[in-house]
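For reference, the chains in residue letters:
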Amino acid sequence: MHSKNILLIIGGGIAAYKSLELIRLLAKDGFGVRAICTQAGTEFVTPLSISALTGEKVFTDLFDLTDEAEMGHIQLSRSADLLVVAPATADLMAKMAHGLANDLASTCLLATDQPVLLAPAMNVRMWEHAATKRNVKTLLDDGVQFVGPNAGDMACGEFGPGRMAEPEEILTAIKAQLGGGPLTGKSALVTAGPTHEPIDPVRYLANRSSGKQGFAVAEALAALGADVTLISGPVNITAPSGVKLVQVETACEMLRATENALPVDVAVFAAAVADWRTDAASCQKIKKQKGKATPELCFTENPDILATVSALPKNKRPQLVIGFAAETEQLIEHATQKRLRKKCDWIVANDVSGDVMGADHNQVVLIRETDMDPWPKLSKKQTAQKLAAAIADELSETIK
Ligand code: C5P
């Protein structure tokens, strides 16, 4: 048996069927799982299926005398190391945000003194409703952690954020929350996404970076137990749970946020930082005027964040500094030169001549001082997990 126990609360949403797979993954990983299924949840999955997978009785009723005699709801809520609500419906989240306790699930969530992780699942309009937004903010302020929701096709036929995170993602978030991985006690910073360099109040220079690879690296490091600060330019993706997100716009802001996050043990620079910013962004919108020449933009070079951090004195420099090299030709040559020029320890070289920008997959070569390791085409999440594992190996090597 795993030393960690999960109390899984299954709410009433179509995504409840994925919770059965989550139980299977948790059990395979050695976690102990007890489940509460709300009344509405039992409309989607049966207690019999749940208990066949957990190997335990499923709790459904606050006023069940047999349940209370076997295990009171207070004990049930506190005997777990983590409470996971999946799917977390809009209703359950509203109850939690307001401290309601009118069924077994909401009572346990109010009575617990253990951390809580929510995997929301609902229609996109419900997720985007002002009331849900208020509740999410309240819950975040209360210290509740979130995994997802993801954007995608929904069972109701609409598209957008509201899909419950996949069971594997929830498992990763659970592990990150419970710690104990090889990077426990280590700190990491990750930069991600593009930067926006203003031209005037309404226009800016940007690039096609989606932030997916950097976010996946932050998630993978957190899953191994690291304390992660993710510094991101403007992106359209949700921050992984258990990661401290710092949002910036420009390269200069990203440098400042990076310096504020130091010292750390490992720094991964996955952001696509703009090389230049406009000399002086106009305070007013630049007007198009008939007969006048088109405006000319003059550029100033942005600070190189990776090179700046690599050049820090030993007592301030992260033990491991990793850059990314997105190249469209002569991948290995250019990336190797970049590693030497920027004085980082490792560089992750990727060929972006195809459809990598914004896609979910990547194919990289990890270039170190003494070797280079070409990895197969993998999802960005798998690439991130492989990189996080290599980082964990390196940091444990240097401790020995
Ligand atoms: O020079 P290039 O942009 O190709 O270098 C890529 C690497 O350098 C990436 O790791 C990127 O995050 C980092 N970088 C940076 N600051 C810049 C430009 C690039 O940290 N101004």
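As shown above, the structure is provided for reference.
None of the values given here were measured: they were computed from a predicted structure.

Here the focus is the sheet that holds strand β5 (residues 116-120). Hydrogen bonding along the main chain pairs the strands of a sheet, whether they run parallel or antiparallel. One open sheet holds the six strands; their spatial order is β3-β2-β1-β4-β5-β6, and the pairing between them is parallel. With partners counted over all chains shown, the strands left at the sheet margins are β3 (58-59) and β6 (145-146), one partner each.

Let us look at unusual backbone geometry. Glycine aside, residues mostly have negative phi angles, and peptide bonds mostly take the trans form. Cis geometry marks the peptide bond from Gly148 to Pro149; its omega dihedral reads 5°. For Pro149, the location among the structural elements is in the loop between β6 and β7 (150-153). In this model, Leu262 is joined to Pro263 through a cis peptide bond whose omega is 0°. With respect to the helices and strands, the residue Pro263 is situated in the loop between α11 (251-261) and β14 (266-269). Here the phi dihedral of Gln330 falls at roughly 40°; this positive angle occurs in a residue that is not glycine.

Each pocket or cavity is described by its volume, and for the largest pocket that value is around 1200 Å³. Lining the largest pocket are 38 residues, with Asn150, Glu169, Glu219, Thr238 and Lys381 sitting closest to its centre. Of the residues assigned to the lining of the largest pocket, the class counts are 21 nonpolar, nine polar and eight charged. Taken together, domain 1 (5-177) and domain 2 (187-399) each give at least three residues to the lining of the largest pocket, which thus spans both. In this model, the second largest pocket occupies a volume close to 1000 Å³. If you go around the second largest pocket, you meet 40 residues; those closest to its centre are Asn207, Ala271, Ala272, Val273 and Ala326.

Rules behind the numbers
- Residues numbered from 1 in each chain as written.
- Predicted model: local features only at pLDDT ≥ 70, side-chain atom pairs only at ≥ 80, totals over all residues.
- Heavy atoms only, no water.
- Pairing = 2+ DSSP bridges.
- Helix = DSSP H or I, 4+ residues; strand = E, 2+ residues; numbered from the N terminus.
- 1 Å grid on protein atoms, 1.4 Å probe; cavity = no way out; pocket = protein on both sides within 12 Å on 5 of 7 lines; lining within 4 Å.
- Points joined across faces, edges and corners; volume = space filled by probe spheres on them.
- Nonpolar A, V, L, I, M, F, W, Y, C, P; charged D, E, K, R; others polar.
- Domains from an automatic or database assignment.

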